[in-house]
Structure formats: structure tokens, C-alpha cells
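Chain and residue survey
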Amino acid sequence: MRLDSSGNLGLGVTPSAWDATIFRTAQIGTGAGSVSLSGRSDGGKDLVLGSNLYYASSSFKYVANGTATMYRMDGATHAWYYAGNNTSGTGANISFTQAMT
């Protein structure tokens, strides 16, 4: 377990990639199978549960090759998203498609 100076928690991983100015995050595992739970730290109401993703430089990015999924709750809105197979490796920007609200 690692707790970084920004308040992000990693279980089996160092959560250094997360942009702590927006989200406080708990991440479990590495690679495409990683799971993260994030809450906004800037007064926003977002809660994000995702796999194979992290937030940096104003966008969500892939942790590794593979697909990414995200559930996002913003106030009273609940939305589910998916993204196609990434072949560019860690740090590639994610273009999500909203599947359901």
C-alpha cells in the first residue's frame, strides 16, 4: 500500500500518475486490470469508478493496452462509458463513448 503526498492511495501500485489537483484516488492493481475509485477534490461532485484509466493533464488516459470502462456519478446523474482497445500503451488519451445515463 502507498499513500502519496497528494492523498492518493495505491494498493499494489504507486498512484503517481493521477492529477491530484482534481481527483483524490484509490487505485488497485496495475495494467489493464487496474481499478480506480476517485472523488473530486476541487469542489465538484464527481465520483468515478473505472478500469484501465487515470486522470492527468485535463483528460482520462489509459493505464495500459486494452479497453477502458468508467462509471461516473455527478450529483444526481449516473452515466456509464466505454472506450475501445488501446494499442498505444500507457498515457494515450481516452475517447469515451457514453453507453447509458
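As the structure is a computational prediction, the values presented were derived from the model and not from experiment. (Residues numbered from 1 in each chain as written. Predicted model: local features only at pLDDT ≥ 70, side-chain atom pairs only at ≥ 80, totals over all residues. Heavy atoms only, no water.)

Inspection of every chain in the model, using the stated rule, returns one salt bridge. Taking the shortest distance from any N to any O, the salt bridge between Arg72 and Asp46 comes out at 2.3 Å. Of this pair, Arg72 sits in strand β8 (residues 66-74) while Asp46 sits in strand β5 (residues 46-51); the two residues are 26 residues apart in sequence, bridging distant segments of the chain. Classification of Arg72 as partly exposed rests on a relative accessible area of 21%. Residue Asp46 is classed as buried on the basis of its relative accessible area of 7%. (Salt bridge = Lys/Arg side-chain N within 4 Å of Asp/Glu carboxyl O. Helix = DSSP H or I, 4+ residues; strand = E, 2+ residues; numbered from the N terminus. Buried < 20%, exposed > 50% of the residue type's maximum accessible area, 1.4 Å probe, protein only.)

What follows concerns the confidence of the model for the protein chain. Counting all residues, the mean pLDDT for the protein chain is 82, and 85% of those residues have values of 70 or more. Across the protein chain, the element-wise mean pLDDT spans from 72 in strand β3 (residues 23-28) up to 96 in strand β10 (residues 97-100). (pLDDT = per-residue confidence, 0-100.)

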